[in-house]
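# Secondary and tertiary structure notes
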Amino acid sequence: MTPIVDADLCIACGNCEQICPSVFQVIDDIAQVVDPEGCEFFECCEAAEENCPVEAITLEEE
Ligand code: SF4
């Protein structure tokens, strides 16, 4: 699956980066997907998605 962050919703709380730093990093007050393939290797994307307070993270199935 491929993670997508909705920049309009993200409030830069840092939860996703804390839970899944290999995939998400907060840069310039927006969470960025730094490794789009990362969810295949690091099993933390679902937890990051579930813990986003504004539901800004979508996990696209391929
Ligand atoms: S958890 Fe959600 S609101 Fe918080 S930084 Fe990540 S994408 Fe943004």
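Residues numbered from 1 in each chain as written. Predicted model: local features only at pLDDT ≥ 70, side-chain atom pairs only at ≥ 80, totals over all residues.

What follows concerns the site of the ligand. Inspection of the region around the ligand gives 16 residues, with C10, C13, C16, A31 and C52 positioned closest. Considered class by class, the residues forming the shell around the ligand number 14 nonpolar, 2 polar and no charged. (Near = placed C-beta within 6 Å. Nonpolar A, V, L, I, M, F, W, Y, C, P; charged D, E, K, R; others polar.)

The next subject is unusual backbone geometry. Here A12, not a glycine, exhibits a phi torsion of approximately 60 degrees, which is positive. Among the structural elements, A12 can be located in the loop between strand 1 (2-5) and helix 1 (15-19). Phi is positive for E55, close to 55 degrees, though the residue is something other than glycine. Counting through the fold element by element, E55 comes out in the loop between helix 2 (45-50) and strand 4 (57-60). The exposed category is assigned to E55, around which 10 C-beta atoms lie within 10 Å. (Helix = DSSP H or I, 4+ residues; strand = E, 2+ residues; numbered from the N terminus. Buried ≥ 20, exposed ≤ 12 C-beta atoms within 10 Å, placed from the backbone.)

Below, the discussion takes up the pairing of strand 2 (residues 24-27). Moving residue by residue along a regular strand, the side chains alternate between the two faces of the sheet. The pairing of strand 2 with strand 3 (residues 30-33) spans 4 bridges and is antiparallel. By the bridge assignment for strand 3, V26 is matched with A31. (Pairing = 2+ DSSP bridges.)

With that settled, consider the environment of I30. Position of I30 relative to the elements: it lies in strand 3. In contact with I30, not counting residues within four places along its chain, are A7, C10 and A12. (Contact = placed C-beta atoms within 7 Å.)

Turning our eyes to something else, we now look at the environment of E60. The topology assignment puts E60 in strand 4. Of the residues examined, E60 has 10 C-beta atoms within 10 Å and is grouped as exposed. In this structure the C-alpha to C-alpha distance between E60 and E50, which are 10 residues apart in sequence, comes to 14 Å. Beyond its immediate stretch of four places on either side in the chain, E60 contacts M1, T2 and I4.

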